[in-house]
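# Coordinate analysis (summary)
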Amino acid sequence: MANQADAAKTDPLSGMAHSEAHYFNSYNHHGIHEEMLKDEVRTKSYRDSIYQNGHLFKDKVVLDVGCGTSILSMFAVKAGAKHVIGVDMSTIIEKAREIVAANGMSDKITLLQGKMEEVVLPFDKVDIIISEWMGYFLLYESMLDTVLYARDKYLVKDGLIFPDKATIFMAGIEDGEYKEEKIGFWDNVWGFDYSPLKATAMTEPLVDTVDIKAVVTDPSPVLTLDLYTCTVADLAFNRPFNLKVRRSDFVHAVIAWFDIEFAACHKPIRFSTGPHTKYTHWKQTVFYLKDVLTVEEGESITGTLDTRPSDKNHRDLDIKIDYQLETEDMHRQVSGKAQYKMC
Amino acid sequence: MAYSDSDAASSVGSIREDASEPDTNTFKCLFCDQQWIRVPEMSTHCKAEHSFDLNETIKSLGSDADELTVIKLVNFLRAEAQKGTPSQTITIPDLTGSSSDKYLQPTLEDDALLFELGDLMPESDSKAVDYDEFEAKLQRDIPEDFSKIKITSDRDEDYFDSYKGNGIHREMIEDRVRTEGYRDFIEKNAKVFAGKTVLDVGCGTGILSLFCARAGAKKVFAVDNSSIAVRAKEIIAKNGYEDRIEVIQGRIEDFNTQRLIGKGKVDIIISEWMGYGLLFEGMLDSVLRARDMYLKPEGILVPSHCNIRLAPIASPEWIAQSTGEQFWEDVYGFDFSPMIPGGLLNTHEIGVFDVPDRALCGSASSHLLEMKTVSVEDLSFKVPLRITLDRDIYSLDAIAIWFDTLFLHEASSQDIKTVDSIDWGRSGIAGLGFSTGPANTPTHWHQAVLLLDRDVARQHKLSAGTVLEGTLQYAKEKGDDRGITVTVEWEGGDGEKKIKGSVTRTMA
């Protein structure tokens, strides 16, 4: 499934050693910012949704939640905003200040380092919130709760949020070869049986690029978050899915991805992180199933996706997937429950 | 050999029985025969009945007091009590120096108090540890079979935590240069391992222990402080080696580890402890502690030698690419140049890269560490350095640092003195070790890179054959066991033009 070669080309972190990732995969280092800025689907969607809507941004006060290197803040200034406030907890904000100065926007952008809950904004209310808050699987290490806090505290009535809609999708994939490589690897390690690590490997969702050819079912939208109305409680959810089988094949895993919509735009702008479209640094998230499902066209895989922050560590996600193959063929009937943890 | 095999076997056997139920014991008061289950209660009792303030005493040991110091204190106090010294008149000796090491020996057999170090450790703001959170973190995947964990700082927590998931173990196992290097040595030297007692420090998933057992080791102690030890145990059982490989989850200096292994009982210490630039974030301290505690005088260490290597880099193209220069100059129409050099290669930290061999512009002298004799103090060092340029350069852009690992033992045909420390890496011989240099197959260690400030770099317009002499210094960051600051200084030049330069970078 996974198109490794492509991923390596486009993802600067993919070839890195574990400890390197440990060192650099922190928001205080620049590698992650380079990676995010180079993600064209992401950055251009934000740029277009802001630039194409100068009429919405003109003379408005804008809040950029988790501003990072301040690229979105600068887009907003260029689109005509009266003032932009960028807030970020990371020390990257110091670099952001230099960048804003280098682009002559220091009088238009106020950058604040700290927690959203603690910083004091130079305005009581803002007209627009912009934020790139999405994590892997939409919600893993996401900043959505911070955005919702900012919305409730600072956004004027009828204020706008960019983006304002996020939808999680699922699908089933044929992934025999790669599952064998990822999971079966542990069966024979330098001549030794390492199968005890298989169980752990099965509980770790894999963030990777999935080839669209591997997708066996229709995508099924599982959860839509409307950023104007949703609450932090909505980020723990249990939702049904129904994956309609498109071709007779085997299903080794289900995958999840998300779409993002800027519905406030004059002409709505939307991007997807699915397997059917251009690469993004979010890739897709793969959940291997214990069973291999033998599926026929027209049948369905039904079940529920249950996701909530872990009790023990709020930054981790506990994910449960219940699944069942809806078939009249008794010999192929199968159902199961799987538990995963993103940490 | 000073110890016969049967001696080792019998002591190991008895030790294992003792270890079967370490947790359920009550412990004796420090001064009388009263039994206690919880430290705070015993502490209150000591204050009330024996006029001895244990908490204050531990505080008075100072902020450097670690678990070893507290172990020594407990054993010292118990020894004094046995002698009949009244509790009020006891004066605490210096427990930090090596002269106090005799107190590492438990005064009481199976002293369960020594398992309660968590409750005894002094609290200090800078080393605050949330035990609950730590345990929860480590236990969340693996609730069962969890032995004691001791921690001294948040830093350690991060370190062991980052070694927990599957991905990184797979990556390390898949590093063929590394794993085949160890395997080839073990398999080609099975005679060295046959019938021996081996200690694997930081065993991870247990792969090196398994190689040793397969080569005929009689007994392997596989020690790791990470929860991966639980998986190692399962893997070892799955492969039928549970009678010969004993997995110990804990630190090398833990009382429990000491009790299970026994002092001076080990013939061979094997460990894959190397970090970037050899010593960044490495585990050599633990290996040296293990050597001093457990290795027989005639025992061997695998690896036996490590050679820190250094070479100059002159390649503006490679630097531009690695610092992301081109990228930052125009980001969606904005000037992001404050981020230069702010990619992965920057001017305050040590970067980690696969340096292309062609980017190097010369060779340099190296610094050899012999594992048998090196001390923890030797790991902060300043050594002379001599760089010879092998081509004309227009700037000296960076310094690359890597290491060679050597597996030598008494019967090795290769003598360390004749190993060509400069070219050895290229011609590496199977079973003799491996190099992590730019000329070799890339490993997960890559190379450490110190980027020079641009104005310094550009002062170095030098011709081939130029010799630069100076020093290489490794200095440990204060209060951070695994962080390191590296300084390279040099001067020299061709003819009239004398040049002088230096670079200091850290890996936090």
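Residues numbered from 1 in each chain as written. Chains lettered and ligands numbered in written order. Predicted model: local features only at pLDDT ≥ 70, side-chain atom pairs only at ≥ 80, totals over all residues. Heavy atoms only, no water.

### A few points about helix H14 (residues 284-294) of chain B
Residues and elements named next belong to chain B. In terms of burial, H14 is largely enclosed, as 8 of its 11 residues are buried. Among the residues of H14, those classed as buried are Leu284, Asp285, Val287, Leu288, Ala290, Arg291, Met293 and Tyr294. In this fold, the buried residues of H14 make contact with strand S3 (197-201), helix H13 (255-261), strand S6 (266-271), strand S7 (295-302) and strand S16 (467-476). (Buried < 20%, exposed > 50% of the residue type's maximum accessible area, 1.4 Å probe, protein only. Helix = DSSP H or I, 4+ residues; strand = E, 2+ residues; numbered from the N terminus. Contact = heavy atoms within 4.5 Å.)

### Here's the deal with the UniProt feature "domain: Protein arginine N-methyltransferase" (unreviewed entry) in chain A
In the numbering adopted here, UniProt assigns the feature "domain: Protein arginine N-methyltransferase" (unreviewed entry) to residues 164-326 of chain A. Structurally, residues 164-326 of chain A is divided into 9% helix and 47% strand, and its ends, taken at the C-alpha atoms, are 35 Å apart. (UniProt positions renumbered as here; feature names shortened; annotations may be inferred.)

### Re unusual backbone geometry
Put simply, Phe162 of chain A and Pro163 of chain A share a cis peptide bond, and its omega is -5°. Mapped onto the secondary structure, Pro163 of chain A falls in the loop between strand S5 (155-162) and strand S6 (165-173). Here the amide bond leading from Val302 of chain B into Pro303 of chain B is cis, since omega sits at 0°, within 30 degrees of zero. Within the fold, Pro303 of chain B resides in the loop between S7 and strand S8 (305-313). One non-glycine residue, Trp190 of chain A, lies in the positive phi region at around 50°. Within the fold, Trp190 of chain A resides in the loop between helix H9 (176-182) and helix H10 (196-203). Among the residues examined, Trp190 of chain A registers a relative accessible area of 17% and is labelled buried.

### As for the sheet that holds S3 of chain B
Strand pairing in a sheet is mediated by backbone hydrogen bonds. Such pairs are either parallel or antiparallel. Residues and elements named next belong to chain B. The 5 strands lie next to each other as S5-S4-S3-S6-S7, forming an open sheet whose pairing is parallel. With one partner strand each, in any of the chains shown, strand S5 (245-249) and S7 form the two edges of the open sheet. On average, adjacent strands in this sheet sit at an angle of 20° to one another, irrespective of strand direction. Where S3 meets S6, 4 bridges bridge the pair, whose relative direction is parallel. Of the residues in S6, the one forming a bridge with Val198 is Ile268. Those strands touched by H14 are S3, S6 and S7, and its axis lies near 155° from that of S7. (Pairing = 2+ DSSP bridges. Axes fitted to C-alpha atoms, helices over the stretch in contact; angles between N-to-C directions.)

### What about the packing of helix H9 (residues 176-188) of chain B against helix H11 (residues 207-214) of chain B?
Residues and elements named next belong to chain B. Where H9 contacts H11, the axes come no closer than 9 Å and their chain directions differ by 20°. With respect to each other, H9 and H11 are oriented roughly parallel. Two packed elements cross with a definite hand, and for H9 against H11 that hand is right-handed. Across the interface between the two elements, Thr179, Tyr182, Arg183, Ile186 and Glu187 of H9 pack against Ile207, Leu208, Phe211, Cys212 and Arg214 of H11. (Parallel < 35°, antiparallel > 145°, perpendicular 65-115°, else oblique. Left-handed = near helix turned anticlockwise from the far one by under 90°.)

### What about the packing of H10 of chain A against helix H12 (residues 228-238) of chain B?
One can describe the packing of H10 of chain A onto H12 of chain B by two numbers: an axis separation of 8 Å at closest approach and a directional angle of 135°. In this view, H10 of chain A runs oblique relative to H12 of chain B, as classed from their interaxial angle. Along the contact surface, H10 of chain A presents Pro196, Leu197 and Thr200 of chain A, while H12 of chain B presents Ile228, Arg231, Glu234, Ile235 and Lys238 of chain B.

### Thoughts on the state of the cysteines
The bond known as a disulfide is covalent and runs between the sulfur atoms of two cysteines. One pass over the structure, following the stated rule, counts 0 disulfides over all chains. Unpaired in terms of disulfides, Cys306 of chain B finds its nearest cysteine sulfur in Cys212 of chain B, a separation of 16 Å. (Disulfide = S-S within 2.5 Å.)

### Here we look at the sheet that holds S5 of chain A
Residues and elements named next belong to chain A. A sheet is described by the order of its strands in space; here 5 strands give the open sequence S3-S2-S1-S4-S5, paired in parallel fashion. For this open sheet the edge positions go to strand S3 (109-113) and S5, each flanked by a neighbour on one side alone. Between one strand axis and the next, the sheet turns by 20° as a mean value, whatever way the strands run. Here strand S2 (residues 83-88) pairs with S3 via 5 bridges, running parallel. Looking across to S3, one finds that Val84 is bridged to Ile109. Along the sheet, helix H8 (residues 144-154) contacts strand S1 (61-65), strand S4 (126-131) and S5; its crossing angle with S5, the most-contacted strand, is approximately 150°.

### What about the packing of aromatic side chains?
Scanning all chains against the criterion turns up 29 aromatic pairs over all chains. With a centroid separation of 5.6 Å and 70° between ring planes, the pair formed by Phe137 of chain A and Phe287 of chain A is classed as edge-to-face. Of this pair, Phe137 of chain A sits in the loop between S4 and H8 while Phe287 of chain A sits in strand S12 (residues 284-295), placing them 150 residues apart in sequence. Across the pair, exposure class does not vary: Phe137 of chain A and Phe287 of chain A are buried alike. An angle of 75° between the planes, with centres 6.3 Å apart, marks the rings of Phe192 of chain A and Tyr241 of chain B as edge-to-face. Separated into two different chains, Phe192 of chain A in the loop between H9 and H10 and Tyr241 of chain B in the loop between H12 and S5 make up a pair that spans both. The exposure class of Tyr241 of chain B is buried, given its relative accessible area of 14%. Among the aromatic residues, ring-to-ring pairing joins Tyr182, Phe185, Phe193, Phe403, Phe407, Phe434 and Trp445 of chain B into one connected group. (Phe/Tyr/Trp six-rings, centres within 6.5 Å; stacked < 30°, edge-to-face > 60°.)

### Quick word on the UniProt feature "domain: C2H2-type" (unreviewed entry) in chain B
UniProt marks residues 29-50 of chain B with the feature "domain: C2H2-type" (unreviewed entry), using the numbering shown here. Helix makes up 55% of residues 29-50 of chain B and strand 9%. Its end C-alpha atoms lie 10 Å apart.

### Looking at the confidence of the model for chain B
All names here are of chain B. In this model, chain B carries a mean pLDDT of 80, and residues with pLDDT of at least 70 account for 79%. The model gives residues 1-23 a pLDDT under 50, and that stretch makes 29 contacts with residues more than four places away or in other chains. Per-residue pLDDT stays below 50 along residues 123-164; that stretch engages in 87 contacts with residues further than four places along the chain or on separate chains. The complex model carries a pTM of 0.71, and its ipTM stands at 0.83. (pLDDT = per-residue confidence, 0-100.)

### Description of the nonpolar core
Counting 118 residues, the largest nonpolar core has Leu199 and Leu279 of chain B as its most contacted members. Leave out the neighbours within four places in its chain, and Leu279 of chain B touches Trp273, Leu284, Ile308, Leu369, Leu379, Phe381, Tyr474 and Ile484 of chain B. Counting 99 residues, the second largest nonpolar core, distinct from the first, contains Leu72, Ala166, Leu227 and Ile319 of chain A. (Core = buried A, V, L, I, M, F, W, Y, C linked by side-chain atoms within 4.5 Å.)

### Section: the environment of Pro438 of chain B
All names here are of chain B. With respect to the helices, strands and loops of the structure, Pro438 is situated in the loop between strand S14 (433-435) and strand S15 (447-451). Assessed through its relative accessible area of 13%, Pro438 is described here as buried. The spatial distance from the C-alpha of Pro438 to the C-alpha of Ala222 is 32 Å, given a sequence separation of 216 residues. If sequence neighbours within four positions are ignored, Pro438 has contacts with Val355, Asp357, Leu360, Trp402 and Gln447.

### Here's the deal with the pairing of S5 of chain B
Two faces, one strand: in a regular strand the side chains alternate between the faces of the sheet. All names here are of chain B. Counting buried residues along S5, 5 of its 5 residues qualify, which places the element largely inside the surrounding structure. Alternating residues of S5 divide into Ile245, Val247 and Gln249 and Glu246 and Ile248, and every residue in both groups is buried. Strand direction decides the pairing type here: strand S4 (residues 219-224) and S5, joined by 5 bridges, are parallel. Each residue of the ladder has a partner; that of Asp224, found in S5, is Gln249. The handedness of the S4 to S5 crossover, carried by H12, is right-handed. (Right-handed = clockwise from strand over helix to strand, strands pointing away.)

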